[in-house]
Amino acid sequence: MISIQGKGVSTGVAMGPLYYYQRAKSVIRRYQVEDAAAEWDRFKAAQAKAVEQLGDLAEKAREEAGDEAALLFETHQMMAEDMDYEEAIQGLINDEKLNAEAAVTDVAAQFAEMFAQMDDTYMQARAADVKDVSGRIIGILTGVVQGGIDSPVPVVLAADDLAPSETVQLDKSKILGFITEGGSGSSHTAILARTMGIPAIIGVGNQLKPEFEGREVIVDGSTGSIVVDADDATRAVMMAKREEQLKRQKLLEQLKGQPNITKDGQSIKVFCNIGNPEDVAAVLSNDGGGIGLFRSEFLYLNCSDYPTEDYQFEAYKKALSDMGGREVVIRTLDIGADKQIDYFQMPKEENPALGNRALRICLNRPEIFKTQLRALYRASAFGKLGIMFPMVTSVWEVKEARKMCELVKKELTEEGKPFADDVQIGIMIETPAAAVMSDRLAKLVDFFSCGTNDLTQYTLACDRQNNDLGRFFNPHHPAVLRLLKMVCDNAHRNGVWVGICGELGADLELTETFLSIGIDELSVSPRSVLPLRQKIREVTVSEVKEKVLGELLSDEITL
Ligand code: PEP
Ligand code: MG
């Protein structure tokens, strides 16, 4: 039995075979084949498998986001079987005796170049499609699995680290738990694990060895402990813990349908954070009162090209309709920093967290922003929508974003396309500048939602991706909490509601503080709704408020 210690970032106990994440190899071997006919058959088999996979993806997309979403994969299917494409590959295999993966690589590069040179922007965008389709075929030829998991049974997935774009594409039904060598608790991969309700442990360094592949592991996401080939006694203890958790979950179930109200009658909304319309099921099953943060960029991360207005419309409409009239706050695109997307072709930055990200990209590239806002307003006819802008620092940014909303509404009115007239507009407070200017910003919006992940990062000058900052990265830091109080006071003075959608919202050690400073809404991962409700219902705000605020605002220190 081998014990390994990491940092637990998503609770729960899971047991299953260990499986190392397969990342697409960047180096494609190039060699001469002796039997060109056999090589051609190898290509044809890979092509057929790719077409089959794309068909499955199209079906999945149709179920989750409608016909428009499925179209992308159907187009990819056609591309994989395109005659010119196929003939070019056959030419290289037959005439030059090139191996299939090298032939596909060369033809993909030629076709992508050809599309990129075209005048029509639609055709230019096909360059990314041909690369994507070819990447899939090459993956099959080289034995690298798209989606990263080629196992008939669910596994505990291990990786050096996982980018958000890799995590969103994983087949969730195959994952029992995550283990990564690097990573940090407030990285988007950890956030996704929590949203999916999957136990996750990060920062195990080189303790995980390749020879552990396929062996049974037990992970405990609350303590960060991992056991490989557990002995009977340890397995029994861990399984008892799992039982205990299931029992606790059952008890929490009794809180479904109950209000989020303190002992002395103060109520607070408990909403959920999601990354795509599929997550609505978890929101409803955990009795979330609404959606306080839909990270719309995950839709973009899931696509190989800019998602069209219709594609986005279907996804937003689905989330809004499935929520049946409950509030849904959708955040406009927040890419940049750790969420990079190839087709945006963003220049490399020295400090991407301080660079061109989120609303900055939208204001610099209005065509992308407008497409998203049109989709959002069209979807607003199907539910109760709030639109939220991320990474605000200045009043002028919000004014410019609002102007774009007005332009979109004018266009839709002229086109006779319906939209709701009660869409709320809000901003994320996730920079110290926005917190300090919240008295003025409040005059421009209906709500604030505090992004404590970034607010902590920017206030404390601590990279949220860096797992080695230890005690320096402290989201409980009074500087962060004082900013939250300032934001709350400024919001309420101006009749604006204020929520927290960063990970801190689910931190039960701070629930009393949030209630004392008057936060109106906490938006957390679906699994955190019921534990948070339980905590809220145990608090008597009038008994704790003076002490909590006194400690927060005191200038005393202990020497
Ligand atoms: C935050 O910064 O707290 C937040 C909710 O946004 P994200 O984690 O997606 O940056
Ligand atoms: Mg943020």
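Residues numbered from 1 in each chain as written. Chains lettered and ligands numbered in written order. Predicted model: local features only at pLDDT ≥ 70, side-chain atom pairs only at ≥ 80, totals over all residues. Heavy atoms only, no water.

(A) Examining the site of ligand 1 more closely. Lining the immediate environment of ligand 1, one finds 16 residues, of which His-188, Arg-295, Arg-331, Asn-453 and Arg-464 sit closest. One of the side-chain N or O atoms of Glu-430 is found 3.0 Å from an oxygen atom in ligand 1. Burial of ligand 1 by the surrounding chains reaches 100%, relative to a free accessible area of 280 Å². Residue assignment for the shell around ligand 1 shows that the elements contributing at least two residues are helix H7 (188–196), strand S10 (291–295) and helix H17 (452–460). If you tally residues by element for the shell around ligand 1, the top one is H17, at three residues. Considered class by class, the residues forming the shell around ligand 1 number four nonpolar, five polar and seven charged. (Near = heavy atom within 4 Å. Polar contact = N/O pair within 3.5 Å; in protein donor to acceptor, adjacent residues only side chain to side chain. Areas by Shrake-Rupley, 256 points an atom, 1.4 Å probe, with all protein chains shown as cover. Helix = DSSP H or I, 4+ residues; strand = E, 2+ residues; numbered from the N terminus. Nonpolar A, V, L, I, M, F, W, Y, C, P; charged D, E, K, R; others polar.)

(B) Representation of the coordination of the magnesium ion (ligand 2) within the structure. In this structure, Glu-430 (OE) and Asp-454 (OD) serve as the protein donors to the magnesium ion (ligand 2), at separations of 2.1 Å. Residue Glu-430 is found in the loop between strand S13 (424–429) and helix H15 (432–436), and its partner Asp-454 is found in helix H17; the two are separated by 24 residues along the sequence. The class for Asp-454 is buried, based on a relative accessible area of 3%. (Donors = N, O, S within 2.8 Å, 3.2 Å for Na, K, Ca; no water. Buried < 20%, exposed > 50% of the residue type's maximum accessible area, 1.4 Å probe, protein only.)

(C) Structural detail: helix H13 (residues 366–379). Here H13 contains 14 residues, and its C-alpha end-to-end distance of 20 Å stays within 8% of the 20 Å for a straight helix at 1.5 Å per residue. Taken across its 14 residues, H13 has 10 buried, putting it largely inside the fold. Among the residues making up H13, those that are buried are Ile-368, Phe-369, Gln-372, Leu-373, Arg-374, Ala-375, Leu-376, Tyr-377, Arg-378 and Ala-379. (Expected span 1.5 Å × (residues − 1).)

(D) Just the layout of surface pockets, in detail. Each pocket or cavity is described by its volume, and for the second largest pocket that value is around 1500 Å³. Lining the second largest pocket are 46 residues, and of these Val-9, Ser-10, Thr-11, Arg-194 and Ser-528 lie nearest its centre. Every element with two or more residues in the lining of the second largest pocket is listed here: strand S2 (7–10), strand S3 (13–20), helix H8 (232–253), H17 and helix H20 (529–538). The biggest single contributor to the lining of the second largest pocket is H8, with six residues. Of the residues in the lining of the second largest pocket, the class split is 16 nonpolar, 21 polar and nine charged. Here the lining of the second largest pocket gathers at least three residues from each of two domains, domain 1 (2–22 + 148–251) and domain 3 (263–553). (1 Å grid on protein atoms, 1.4 Å probe; cavity = no way out; pocket = protein on both sides within 12 Å on 5 of 7 lines; lining within 4 Å. Points joined across faces, edges and corners; volume = space filled by probe spheres on them. Domains from an automatic or database assignment.)

(E) Up close: the sheet that holds strand S7 (residues 216–220). Across the sheet, eight strands lie side by side as S1-S8-S7-S3-S4-S5-S6-S2; this open sheet has mixed pairing. Lying at the two open borders of the sheet, with one neighbouring strand each, are strand S1 (2–5) and S2. Going from strand to strand, the sheet's axes swing by 30 degrees on average, the running direction of each strand aside. Set on the sheet, H7 makes contact with S2, strand S5 (175–180) and strand S6 (200–202); between it and S2 the angle comes to about 55 degrees. With respect to the sheet, H8 is in contact with S3, S7 and strand S8 (225–228), its orientation differing from that of S3 by roughly 120 degrees. (Pairing = 2+ DSSP bridges. Axes fitted to C-alpha atoms, helices over the stretch in contact; angles between N-to-C directions. Contact = heavy atoms within 4.5 Å.)

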